[in-house]
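Results of the structural survey
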Amino acid sequence: MTARLADIAAQAGVSEATVSRVLNGKPGVAGATRQSVLAALDVLGYERPVRLRRRSAGLVGLITPELENPIFPALAQVIGQALTRQGYTPVLATQTPGGSTEDELTEMLVDRGVSGIIFVSGLHADTSADTQRYEQLRAQGVPFVLVDGFSPKVRAPFISPDDRAAMRLAVTHLVSLGHTRIGLALGPKRFVPVQRKIEGFVRTVQDLLALPPEEIEADLVQHSLYTLEGGQAAASALLDRGCTAVVCASDMMALGAIRTARERGFEVPDDISVVGFDDSPLIAFTDPPLTTVRKPVPSMGQAAVRTLLEEIGGTPAPHSEFVFMPELVVRGSTASAPGGRARP
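Residues numbered from 1 in each chain as written. Predicted model: local features only at pLDDT ≥ 70, side-chain atom pairs only at ≥ 80, totals over all residues. Heavy atoms only, no water.

Overview of the overall build of the chain
To keep things clear, this is the line we draw: Labels follow the DSSP assignment, with helices taken as runs of H or I lasting at least four residues and strands as runs of E lasting at least two, numbered in each case from the N terminus. Whether two residues are in contact is decided by their heavy atoms: any pair within 4.5 Å suffices. Throughout, the Shrake-Rupley method with a 1.4 Å probe supplies accessible areas, and for residues the shown protein chains are the sole cover considered.
What the chain contains, in helices and strands, is 13 helices and 12 strands. Long-range pairs, those at least 24 residues apart, make up 69% of the contacts in the chain with a sequence separation of at least 6. By element, 52% of the accessible surface of the chain is carried by carbon and sulfur atoms, the whole surface being about 14900 Å².

Given below as structure tokens:
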């Protein structure tokens, strides 16, 4: 046994103590080191211990709600590349209308012995959803990280953009251009990112335009769906209420808002200014190029992988939320308010 440990340690470039920890399934070994030891076993022709076979493939599940919104493929690409660099194989599982649910996809991934799972915009973001499923996953010993959405009931690391700051950036930009009637188009209220965006929007409009909070939320906030059609519907309602600018909670919604404005004979940005959220791939090449709040996808995706690998390696990150600052990207869909003058 000692000779075998020495052989494996030499092949993997680690100590015999580290090899022993891996073979006995002990925590405290980095994911990449663990993979090196398992690879050395294979190269030397040793059979892996039974307890390690189930999770030895280095598979990591990534569950996304859909792929039609380009921000999700962009995030999946960042996460996939980061996992591959660390020797893991990403397994993308996507929910589709009428297809598998998040619970079914999770069960499928666990059955395949994944080393861990990253959930993007999942049920953890829905305040009406039962969070017991995540406790069950933890009881099964499967590490996981949650992206976009926070629940104090779930003991896990969360990765989020600062949604309140995103709205502060967008509204401050529009007010500086002379807009005083600014609307917010976003998804259903039960989702945590939606609630946070409303908080940031209401607070900033209240601070900069001195409107009462109840009036802001009643007149200037419109819920819809995170789709192009959802953006059309929300923008239509906000334009009916005299808005000269619309902040949208996704770039897809923003494109819908621009379509609605044009259907009504308005020019964007001369008559109506539109701000998106995400800075999805190719959004800089729309007509007009979209002013948007850039979601920090690279840093969020890399942080999700780094945090998950720490969980897998037995040195878990704090069960708290890591919040990343967005960035305003000004392009051609915003301009001075019609009949107004931009503030200095």
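From this point, things continue past the structure.
Overview of the pattern of salt bridges
Close approach of charged atoms allows side chains of opposite charge to pair. Inclusion rule: Whenever Lys or Arg places a side-chain nitrogen within 4 Å of a carboxyl oxygen from Asp or Glu, that contact is recorded as a salt bridge. Buried residues are those whose accessible area, probed at 1.4 Å on protein chains only, stays under 20% of the maximum for their type, while exposed residues exceed 50% and partly exposed ones sit between those limits.
Under the definition given, this model contains 13 salt bridges. Between Asp163 and Lys197 there is a salt bridge whose closest N-O contact spans 2.6 Å. Placement of Asp163 in helix α8 (residues 163-176) and of Lys197 in helix α9 (residues 192-209) is noted, with a sequence separation of 34 residues between them. Residue Asp163 shares its accessibility class with Lys197, and that shared class is buried. One salt bridge in this structure joins Arg294 and Glu327, with 3.4 Å as the shortest N-O distance. In this pair, Arg294 is assigned in strand β10 (residues 291-294) and Glu327 in strand β12 (residues 327-329), connecting sequence segments 33 residues apart. On the accessibility criterion, Arg294 (31% relative accessible area) is partly exposed. We classify Glu327 as partly exposed; its relative accessible area is 42%. Each member of the salt-bridge network shares a partner with another, and the members are Asp279, Arg294, Glu327 and Arg331.

Digging into the pairing of β10
To be explicit about the condition: For two strands to pair, DSSP has to find at least two bridges joining them.
Where strand β9 (residues 273-278) meets β10, four bridges bridge the pair, whose relative direction is parallel. Its bridge partner being in β10, Val275 is matched across the sheet by Thr291. Judged from the three bridges that link them, β10 and β12 form a sheet pairing that is antiparallel. Across the sheet, the residue bridging to Thr292 is Val329, located in β12.

Brief notes about the environment of Pro338
Along the polypeptide, Pro338 turns up in the segment after β12. For Pro338, a relative accessible area of 41% corresponds to the partly exposed category. Counting along the chain gives 112 residues from Pro338 to Tyr226, while the straight-line C-alpha distance between them is 28 Å. Once you skip the residues sitting within four places of it in the chain, Pro338 turns out to touch His179, Thr244, Asp270 and Asp271.

Considering the sheet that holds strand β7 (residues 221-223)
Operational definition: Under this scheme, a helix contributes an axis fitted over its contacting stretch, all axes are lines through C-alpha atoms, and angles between N-to-C directions fall in the 0 to 180 degree range.
Strand order in this open sheet of six strands is β7-β6-β8-β9-β10-β12, and the pairing throughout is mixed. On the outer flanks of this sheet lie β7 and β12, each paired with one strand and no other. The sheet shows a mean angle of 20 degrees between the axes of neighbouring strands, direction not considered. The sheet contacts of α8 involve β6 (182-186), β8 (245-248), β9, β10 and β12, and relative to β9 the element is tilted by about 160 degrees. Here α9 sits on the sheet in contact with β6, β7 and β9, set at roughly 175 degrees to β6.

Here's the deal with the side chain of Asp251
We count it as follows: Working convention for charge: Lys and Arg count positive, Asp and Glu count negative, and His plus the chain ends are omitted. Within 3.5 Å is the distance limit for a polar contact, defined as a pair of N or O atoms, with the added protein rule that one can donate a hydrogen and the other accept it, and that residues adjacent in sequence qualify only through two side-chain atoms.
With respect to the helices, strands and loops of the structure, Asp251 is situated in helix α12 (residues 251-263). Buried and unpaired, Asp251 has no salt bridge, with Arg331 as the nearest side chain of opposite charge at 6.6 Å. In terms of polar contacts, Asp251 uses its side chain to reach the backbone amide nitrogen of Asp279, at 2.8 Å. A polar side-chain atom of Asp251 sits 2.8 Å from a polar atom in the side chain of Thr292.

Points about the nonpolar core
This is how the line gets drawn: In this text, buried Ala, Val, Leu, Ile, Met, Phe, Trp, Tyr and Cys residues form a nonpolar core when linked through side-chain atoms within 4.5 Å.
Ile182, Leu184, Phe201, Cys248 and Val274 are the most contacted members of the largest nonpolar core, which has 42 residues in total. Sorting the residues of this core by element identifies α8, β6, α9, α10 (213-220), α11 (228-240), β8, α12 and β9 as the ones contributing at least two each. Beyond its immediate chain neighbours, meaning those up to four positions away, Ile182 contacts Val171, Leu174, Val175, Phe201, Leu209, Leu220, Cys243, Ala245 and Val247. Ile79, Tyr88, Leu308 and Ile312 belong to the second largest nonpolar core, which has 25 residues in total.

A word on the packing of aromatic side chains
Using the following cut-off: What counts as a ring pair is set by centres within 6.5 Å for rings of Phe, Tyr and Trp (its six-membered ring), and what kind of pair is set by the plane angle: stacked under 30 degrees, edge-to-face over 60, tilted for all other angles.
Using the criterion set out here, one finds four aromatic pairs in the structure. Ring centres 5.5 Å apart and planes at 90 degrees place the aromatic pair Phe119 and Tyr134 in the edge-to-face group. With Phe119 in strand β3 (residues 116-120) and Tyr134 in helix α7 (residues 132-139), this pair connects stretches of sequence that are 15 residues apart. Note on accessibility: Phe119 and Tyr134 belong to one class, buried. A ring pair is formed by Phe119 and Phe144, whose centres lie 6.2 Å apart and whose planes are at 90 degrees; its orientation type is edge-to-face.

Let's talk about the sheet that holds strand β11 (residues 321-324)
Strand pairing in a sheet takes place through backbone hydrogen bonds and is either antiparallel or parallel in direction. Spatial ordering of the open sheet is given by β2-β1-β3-β4-β5-β11, a layout of six strands whose pairing is parallel. The sheet is open, and its two edges are formed by β2 (89-94) and β11, each paired on a single side. Along the sheet, successive strands turn relative to each other by an average axial angle of 20 degrees, direction set aside. Docked against the sheet, α7 engages β3 and β4 (144-147), running at close to 150 degrees with respect to β4.

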